[in-house]
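Take a look at the letters that make up each chain.
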Amino acid sequence: MISFEVIKQAKAFLCWDCYKDLSIQLIPIRESLAYYYPPAQMGSIVLFYNPDAEDFTTLLYLLFHEAGHHSQQKSWLKNNKSEAYWKTIQTPTGSDKMEFEKESWDRGRNLFQKFLQKENINIELLDNFDSFSIQQIKTYDTK
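Counting restarts for each chain, with residues numbered from 1 along the sequence as it is written. Thresholds applied to this predicted model are a pLDDT of at least 70 for local features of residues and 80 or more for the giving and counting of side-chain atom pairs; totals over whole chains, interfaces and linings are not thresholded and use all residues. As a rule here, side-chain values cover all heavy atoms of the structure and leave hydrogens and water aside.

## Some thoughts on the pattern of salt bridges
To keep it simple, the criterion reads: Each reported salt bridge corresponds to a side-chain nitrogen of Lys or Arg within 4 Å of a carboxyl oxygen of Asp or Glu. A helix here means a DSSP run of H or I that spans at least four residues, while a strand means a run of E at least two residues long, and both kinds are numbered starting from the N terminus. With a 1.4 Å probe rolled over the protein chains alone, any residue whose accessible area is under 20% of its type maximum counts as buried; one over 50% counts as exposed, and the rest are partly exposed.
Tallied over the entire structure, the rule returns eight salt bridges. Here Lys97 and Glu101 are joined by a salt bridge, their closest N and O atoms 3.6 Å apart. Here Lys97 and its partner Glu101 are both found in helix H4 (residues 95-119), four residues apart, which amounts to about one turn of the helix. Residues Lys97 and Glu101 agree in their burial class; the two are buried.

So, in structure tokens, the structure goes:
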């Protein structure tokens with residue numbers, strides 16, 4: 001079970017240790033949601049969460065997935081794939097979208113692993129992260 005304190009530690013890790021151009025906002029609501037806002041000058045991740053929740057594991061996974069999108073965007077733009085990036089991020093389903101989301105989950109996983117090691121948190125969470133990411137990627141399948 002993940003406490004909200006771990007979410008705050010993850011936020012600090014991503015904003016201070018990984019990306020100086022990333023803003024993360026935590027917004028209490030009744031369901032955990034996340035969305036990556038591509039940056040004008042700074043990338044922004046907004047996380048909506050249920051303040052009454054006892055376990056914030058899903059929120060933690062979503063946070064690192066959205067941070068994966070931030071990393072992904074930086075890479076695609078650096079490699080002159082800006083048009084493809086913007087097209088794919090707005091594509092709702094299909095194999096291209098699934099590959100795009102898989103790349104983001106993979107990048108997020110790398111960040112998550114670094115965070116777990118830095119904070120000395122149970123590395124077994126990576127297996128659960130992997131299972132969760134596979135389920136999420138499948139939601140973009142058109143079959």
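Here the narrative resumes.
## Let's talk about the nonpolar core
The cut-off we apply is this: As used here, the term nonpolar core means buried Ala, Val, Leu, Ile, Met, Phe, Trp, Tyr and Cys residues forming a set that is joined through side-chain atoms within 4.5 Å. Contacts: residue pairs with any heavy atoms within 4.5 Å of one another.
In terms of nonpolar packing, the biggest core is built from 37 residues, with Leu14, Ile24, Ile45, Leu60, Phe64, Phe112 and Phe115 touching the most fellow members. Examining the composition of this core, we find that eight residues originate from one element, helix H2 (residues 57-78), more than from any other. Not counting the four nearest positions on each side in its chain, Phe64 is found in contact with Ala10, Phe13, Leu14, Gly108, Leu111, Phe112, Phe115 and Phe129.

## A few points about the side chain of His69
Going by this rule: Residues adjacent in sequence count toward polar contacts only when both atoms are side-chain atoms; beyond that, a polar contact is any pair of N or O atoms within 3.5 Å, and within protein one must be able to donate a hydrogen and the other to accept it.
Counting through the fold element by element, His69 comes out in helix H2. Separated by 3.2 Å, the side chains of His69 and Glu101 make a polar contact. Every residue in contact with His69, bar those within four places of it in the chain, is listed here: Tyr36, Tyr85, Phe100, Glu101 and Ser104.

## Re unusual backbone geometry
Positive phi is not limited to glycine here, since Asn80 has a value of about 55°. Position of Asn80 relative to the elements: it lies in the loop between H2 and helix H3 (82-89). A positive phi angle is found at Asn120, which is not glycine, with a value near 55°.

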